[in-house]
Amino acid sequence: MTQDEMKKAAGWAALKYVTKGGIIGVGTGSTVNHFIDALGSVKDEIKGAVSSSIASTEKLKELGIQVFDCNDIEKLDVYVDGADEINPTKDMIKGGGAALTREKIVAAISEKFVCIVDDTKGVDVLGQFPLPVEVIPMAREQVARELRKLGGNPVYREGVITDNGNIILDVQDMQITSPKDMEYKINNIPGVVTNGLFAHRGADVVITGTPSGAKIEE
């Protein structure tokens, strides 16, 4: 089974958590694209979706799924999204696709976070994947200096502008042994919109695509 086939297995397995007649939170990325395809197969059984990115919104609309504004929704039953890394306690690094802020917002209004990944994403300690930090452009160098003080090596992701009009610093060479503490510290740097650590709001369910199919951990 190829990596993409493992992603597909995880994405389709997430249909188990889709509530009939509900509005589904939908994330961003290659694994989520498979979930969106799966969601299209049951589009007549759901009310619609709230999306964390422009790209996912466009794909949902192409499949005929109504997309609701997050401001009009008080609560979602479930949010389905991927991760760049996930540890055994279901803390994650997200934001490889630069949609981390909107992903955090949708996750915050969701009762259940279902993380869908292939089996290359599991790690014991977060930080092998560079940690994305969304930053207001004028604060780029100031934030970078503060991130160095925290032990990381921030690299400007050139040519990338987030859906919110901001830039991304990818923090390399950081072993994140206390994800909740590090998430809090980085978010308190002036100029940071948010960072890609999903520890205070980690996953509730992890669906991992493996060579033998989807494995569910609740």
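Reading the values: the criteria
- Residues numbered from 1 in each chain as written.
- Predicted model: local features only at pLDDT ≥ 70, side-chain atom pairs only at ≥ 80, totals over all residues.
- Heavy atoms only, no water.
- Pairing = 2+ DSSP bridges.
- Helix = DSSP H or I, 4+ residues; strand = E, 2+ residues; numbered from the N terminus.
- Axes fitted to C-alpha atoms, helices over the stretch in contact; angles between N-to-C directions.
- Contact = heavy atoms within 4.5 Å.
- Buried < 20%, exposed > 50% of the residue type's maximum accessible area, 1.4 Å probe, protein only.
- Phe/Tyr/Trp six-rings, centres within 6.5 Å; stacked < 30°, edge-to-face > 60°.
- Lys NZ or Arg CZ within 6 Å of the ring centre and 35° of its normal.
- Polar contact = N/O pair within 3.5 Å; in protein donor to acceptor, adjacent residues only side chain to side chain.

**What about the sheet that holds strand 8 (residues 153–156)?**
Spatially, four strands are ordered 8-9-7-10 in an open sheet, and the strand pairing comes out antiparallel. Every other strand in the sheet has two partners, leaving strand 8 and strand 10 (192–195) as the edge strands with one partner each. Put simply, the sheet's adjacent strands are angled 30° from each other on average, direction ignored. Examined bridge by bridge, strand 7 (residues 131–135) and strand 9 (residues 167–172) share five bridges and lie antiparallel to one another. Bridge pairing links Glu134 to Ile168 in strand 9. Contacts from helix 5 (residues 140–149) reach strand 7, strand 8, strand 9 and strand 10, with the element oriented near 15° to strand 9.

**Concerning the side chain of Lys104**
Mapped onto the elements of the fold, Lys104 is located in helix 4 (residues 100–108). Judged by its relative accessible area of 16%, Lys104 falls in the buried class. When sequence neighbours within four positions are dropped, the list of residues in contact with Lys104 reads Glu183, Asn187, Thr194, Asn195, Leu197 and Phe198.

**What to know about the packing of aromatic side chains**
Under the counting rule described, the total for this entry stands at two aromatic pairs. Judged by centre distance (5.0 Å) and plane angle (65°), the ring pair of Tyr79 and Phe113 falls under edge-to-face. Remark: Phe113 occurs in strand 6 (residues 110–118) and Tyr79 occurs in strand 3 (residues 76–81); sequence separation between them is 34 residues. Exposure remark for Tyr79: the relative accessible area of 0% places this residue in the buried category. With a centroid separation of 6.4 Å and 90° between ring planes, the pair formed by Phe113 and Phe198 is classed as edge-to-face. Of the two residues, Phe113 is situated in strand 6 and Phe198 in strand 11 (residues 197–198); the sequence distance between them amounts to 85 residues. Of the two residues, Phe113 and Phe198, neither departs from the other in class, the shared state being buried. Among the aromatic side chains, those forming a connected cluster through ring pairs are Tyr79, Phe113 and Phe198. A cation over an aromatic ring shows up here: Arg140 above the ring of Tyr156, its NZ or CZ 4.4 Å from the ring centre.

**Details of the side chain of Thr57**
Within the secondary structure, Thr57 sits in helix 3 (residues 54–62). Of the residues examined, Thr57 reaches a relative accessible area of 19% and is grouped as buried. One polar contact links the side chain of Thr57 to the main-chain carbonyl oxygen of Ser53, over a distance of 2.9 Å. Not counting the four nearest positions on each side in its chain, Thr57 is found in contact with Ser51 and Val67.

**Notes on unusual backbone geometry**
One non-glycine residue, Ala98, adopts positive backbone phi at about 70°. Looking at the secondary structure, you find Ala98 in the loop between strand 5 (92–93) and helix 4. Look at Asp173: it is not a glycine, yet its phi comes out positive at around 60°. Take Asp173: it is sitting in the loop between strand 9 and helix 6 (179–187).

**A look at helix 2 (residues 30–40)**
Because each turn of an α-helix spans 3.6 residues, side chains separated by three or four positions in sequence point in the same direction. Where burial is concerned, most of helix 2 is hidden: eight out of the eleven residues are buried. Turning to helix 2, its buried residues are Thr31, Val32, His34, Phe35, Ile36, Ala38, Leu39 and Gly40. Check the buried side of helix 2 and you find it contacts helix 1 (3–13), strand 1 (23–26), helix 3, strand 3 and strand 6.

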